[in-house]
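Observations on chain architecture
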2 protein chains.
Amino acid sequence: MSGNAREPGRSTVHRLLTLLDVFDGTDLSLADVAERSQLPLTTAHRMLAALETWGGVERTPTGRYRIGLHLWKLGNRATSATTLRETALPLMQDLYESTHENVQLAIRDGHHALIIERLTGLRAVPTLTEVGGHLPLHATGVGKLLLAHVHPELLAELHARGLRRYTAYTLTMPGRLAASLATTRTTGIATAREEMTLGSASIAAPITDATGTVQAALSIVVHATTDLTRYTPALHTAAKEISRRLAATGGRVRSRSRLDRLSVASGHI
Amino acid sequence: MSGNAREPGRSTVHRLLTLLDVFDGTDLSLADVAERSQLPLTTAHRMLAALETWGGVERTPTGRYRIGLHLWKLGNRATSATTLRETALPLMQDLYESTHENVQLAIRDGHHALIIERLTGLRAVPTLTEVGGHLPLHATGVGKLLLAHVHPELLAELHARGLRRYTAYTLTMPGRLAASLATTRTTGIATAREEMTLGSASIAAPITDATGTVQAALSIVVHATTDLTRYTPALHTAAKEISRRLAATGGRVRSRSRLDRLSVASGHI
């Protein structure tokens, strides 16, 4: 992997990807970028200039750098995330409307749950989550739902790394967490009550592909005092309908998006 | 700009960015990527391999390439798009709930309107738009709203390039389009009735920053037979509230997202 003088191109590609990864959503100075990416100031500057011309980074009024709109657009062409999102959104809308609570859609991304879409209203309980953000697998509804359906080795890995105790209710003991996940596999529902944030609770149901494999988790996040079981039927119904649509029309969402782009790319406007 | 033997690194950066730009949301073979990017097959293969390791592209079961989740995550760190989206979403939710129609949020991106967020339900009129997709400035509600508030030179440029006639109702004559945009500047509302798609109409209101400059457009897309004026008060109210929140709490959305990432990046989970 390490670049060297005999492979200048390869080395440059890796350097550029390393540089992109230092952006965490905050605005960074040239010195920040160089330090975080461990690149010489001149190299970082040259790459940032090329990225800025391309639109992948943009400058703030004070001259700092941040991820630009061009990368946002490119990221939206990630088929797996956008197909799932486009398929789930109408059902998530209905679920939001019938509950007025936070509705979340997540997939597993390594050792975390990754939020693909999130709906929230003015009256819903505040959450820290955002689209593209991560949540712990062991302390949230979507996380526990996803964790319950992966190879047990991952659970062992998480325990080996040490499970963070967010609140007094976070399940960090191997036996208790395993029992909770076993319940999820039986009932098809995962719940987390104040396990990540005091005052909040969540309930999640699985979204499966045509083979029945769990691909994503759909959840509702509510005040901790809420009776979670009242949401079970609506959540299951929405998750099952999303699963059916994913299996039946996975290709349709893509071809529609292609049509959309063609109408613009035709250059008549 | 052109890379050469004396600037191998710069050349490589430009090649990589060119390669990324060939992805349009469809799955591409190695040959497709090489041809579209006009790179030698070996160079394209080497860059795709590095991108795949990084997660920026992923392989389909048949070995084709597509944009991967890592780029989607990186794109979501584009502060300008995510701050606007996070601020607007609760109001867009309320608007959807009170109308059950498509609710869209767009900004100007060069010669097009770029969809930042879109809510839709099962009963809304079907649209071709998707998040990250483009719409014409001269033939949609959001587009005309944005076009009405930019420098007149852009309108002249669009006319010079030739305005595409999507339907018999598309305004392509300079005088008629200019009159429609003038009305928008007076009323604060842009409408487009079957100007892009037969059967659909849209109405848009401006989202402004603290200085009163139009930054984005909020719209509702409905069946063409609908009386658009019934949506004016709700749309104006939502757009003004989003504008107020953007001005007042633009920084808050960002710092919240930073908090979210820190809790994950701390490595305790």
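This text gives an overview of the structure that appears in the document. (Residues numbered from 1 in each chain as written. Chains lettered and ligands numbered in written order. Predicted model: local features only at pLDDT ≥ 70, side-chain atom pairs only at ≥ 80, totals over all residues. Heavy atoms only, no water.)

With that out of the way, let us pick up the interface of chain B and chain A. Put simply, an interface is often sized by how much accessible area is lost when its parts join up. Contacts between the two partners involve 90 residues from chain B, matched on the other side by 90 residues from chain A. Of the roughly 8,300 Å² buried between chain B and chain A on both sides combined, carbon and sulfur atoms contribute 58%. Viewed at the interface, chain A and chain B are joined by six salt bridges. In this structure, E117 of chain A engages R85 of chain B in a salt bridge whose closest nitrogen and oxygen atoms are separated by 2.4 Å. If you look at where chain B meets chain A, you find 16 residue pairs in polar contact (both at pLDDT 80 or more). Take the side of chain B that touches chain A: its biggest share by element is 12 residues, from helix 5 (residues 79–99) of chain B. Tallied by class, residues from the side of chain B that touches chain A come to 36 nonpolar, 28 polar and 26 charged. (Contact = heavy atoms within 4.5 Å. Buried area = accessible area lost by both parts, 1.4 Å probe. Salt bridge = Lys/Arg side-chain N within 4 Å of Asp/Glu carboxyl O. Polar contact = N/O pair within 3.5 Å; in protein donor to acceptor, adjacent residues only side chain to side chain. Helix = DSSP H or I, 4+ residues; strand = E, 2+ residues; numbered from the N terminus. Nonpolar A, V, L, I, M, F, W, Y, C, P; charged D, E, K, R; others polar.)

Moving on to the pairing of strand 3 (residues 102–109) of chain A. Residue and element names in this part refer to chain A. Across the eight residues of strand 3, seven count as buried, placing the element largely inside the fold. With five bridges joining them, strand 3 and strand 8 (residues 214–223) adopt antiparallel strand pairing. Residue pairing across strands places N102 opposite V221, the latter belonging to strand 8. Pairing of strand 3 with strand 4 (residues 112–119), which is carried by seven bridges, proceeds in the antiparallel orientation. Bridge assignment links A106 to a residue of strand 4, and that residue is I115. Linking strand 3 to strand 4, which pair antiparallel, is a turn of two residues; within it G110 sits at a positive phi near 65 degrees. (Buried < 20%, exposed > 50% of the residue type's maximum accessible area, 1.4 Å probe, protein only. Pairing = 2+ DSSP bridges.)

All names here are of chain A. The phi angle at Q38 is positive, at roughly 55 degrees, despite the residue not being glycine. With respect to the helices, strands and loops of the structure, Q38 is situated in the loop between helix 2 (30–37) and helix 3 (41–54). Take Q38: its relative accessible area is 73%, and that puts it in the exposed class.

Summed over the entire model, instances satisfying the criterion amount to 24 salt bridges over all chains. In this structure, the salt-bridge partner of D24 of chain A is R36 of chain A, at a minimum N-O distance of 3.3 Å. Remark: R36 of chain A occurs in helix 2 and D24 of chain A occurs in the loop between helix 1 (8–21) and helix 2; sequence separation between them is 12 residues. The class of R36 of chain A is partly exposed, set by a relative accessible area of 42%. For R245 of chain A, the salt bridge is made with E241 of chain A, and the minimal N-O distance between the two is 2.8 Å. You can see R245 of chain A and its partner E241 of chain A sitting in helix 9 (residues 232–265), four residues apart, about one turn around the helix. Shared partners join several salt bridges into a network, and the residues in it are R85, E86, E117 and R118 of chain A together with R85, E86, E117 and R118 of chain B.

Everything listed is a geometric property; what it means functionally is a separate question.
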